[in-house]
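Now for the letters of each chain:
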Amino acid sequence: MYRKFIQDLYDGNIAPCEHPVSKDSERHRMTGQAAEKAETLRSGLTPEQQKLLDELLSDRGYLDALIEQDGFAMGFRLGGQLMLAILTDDSDST
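Residues numbered from 1 in each chain as written. Predicted model: local features only at pLDDT ≥ 70, side-chain atom pairs only at ≥ 80, totals over all residues. Heavy atoms only, no water.

So, about the overall build of the protein. The helix and strand tally for the protein stands at 3 helices and 0 strands. The C-alpha radius of gyration of the protein comes to 21 Å, more than 25% above the 12 Å expected for a compact globule of 94 residues. Judged by the C-alpha coordinates and their principal axes, the protein covers about 70 × 35 × 25 Å. For the protein, with 94 residues in total, the buried portion stands at 4%. Here the protein displays about 8700 Å² of accessible surface, and carbon together with sulfur accounts for 62% of that area. In the protein, 10 positive and 17 negative side-chain charges are present, and the distance between their average locations comes to 5 Å. (Helix = DSSP H or I, 4+ residues; strand = E, 2+ residues; numbered from the N terminus. Rg over C-alpha atoms; globule rule 2.2 N^0.38 Å. Buried < 20%, exposed > 50% of the residue type's maximum accessible area, 1.4 Å probe, protein only. Areas by Shrake-Rupley, 256 points an atom, 1.4 Å probe, with all protein chains shown as cover. Lys, Arg positive; Asp, Glu negative; His and termini not counted. Charge placed at Lys NZ, Arg CZ, Asp CG, Glu CD.)

If you want it as structure tokens, here you go:
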């Protein structure tokens, strides 16, 4: 079972960064609101300002991906530490 899991991870069949967003979630709702606000703002801008807004939104998307990557790594490490704590017999130290 675990060997197949590791093989699937290696083969790219498991992609931790890919996860669906439910259409009735707060995240989905807020994403839609942000997109509407960006379009409202864009309509009142000059072409140069629109380009700058697009660059800003692209940069923010990249930053969000980096933040999510950091959170995943920290969570993964925490999970590993929890596993070690569970599996380590430190009853002699009390």
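Another point: the packing of helix H2 (residues 26–43) against helix H3 (residues 47–87). For the pair H2 and H3, interaxial distance at closest approach is 9 Å and the crossing angle is 160°. Viewed along their axes, H2 and H3 adopt a mutual orientation that is roughly antiparallel. Along this stretch, H2 crosses H3, giving a crossing that reads as right-handed. Of H3, the residues touching H2 (which contributes Ala-38, Leu-41 and Arg-42) are Gln-50, Leu-53, Asp-54 and Leu-57. Residue classes in the contact of H2 with H3 are distributed as 4 nonpolar, 1 polar and 2 charged. (Axes fitted to C-alpha atoms, helices over the stretch in contact; angles between N-to-C directions. Parallel < 35°, antiparallel > 145°, perpendicular 65-115°, else oblique. Left-handed = near helix turned anticlockwise from the far one by under 90°. Contact = heavy atoms within 4.5 Å. Nonpolar A, V, L, I, M, F, W, Y, C, P; charged D, E, K, R; others polar.)

As a further point, take helix H1 (residues 2–11). Within H1, only 1 of the 10 residues are buried, leaving the element largely exposed. Remark: Gly-12 follows H1 within two positions and exhibits a positive phi of approximately 85°.

Pairing is possible between side chains of opposite charge, provided their charged atoms come close. Enumeration according to the criterion identifies 6 salt bridges in this entry. Asp-8 is the partner of Lys-4 in a salt bridge, and the nearest nitrogen-oxygen pair spans 3.1 Å. Of this pair, Lys-4 and Asp-8 both sit in helix H1, 4 residues apart, which is roughly one turn of that helix. A residue is classified by how much of its surface remains accessible, and Asp-8, at 17% relative accessible area, is buried. Asp-64 is paired through a salt bridge with Arg-60; the nearest N and O atoms lie 2.9 Å apart. (Salt bridge = Lys/Arg side-chain N within 4 Å of Asp/Glu carboxyl O.)

Further remarks concern the packing of aromatic side chains. Under the criterion given, the structure shown has 1 aromatic pair. Plain terms: the ring middles of Phe-72 and Phe-76 are 6.0 Å apart, the flat faces sit at 35° to each other, and that makes the pair tilted. Here Phe-72 and its partner Phe-76 are both found in helix H3, 4 residues apart, which amounts to about one turn of the helix. Classification of Phe-76 by relative accessible area gives exposed; the value is 62%. (Phe/Tyr/Trp six-rings, centres within 6.5 Å; stacked < 30°, edge-to-face > 60°.)

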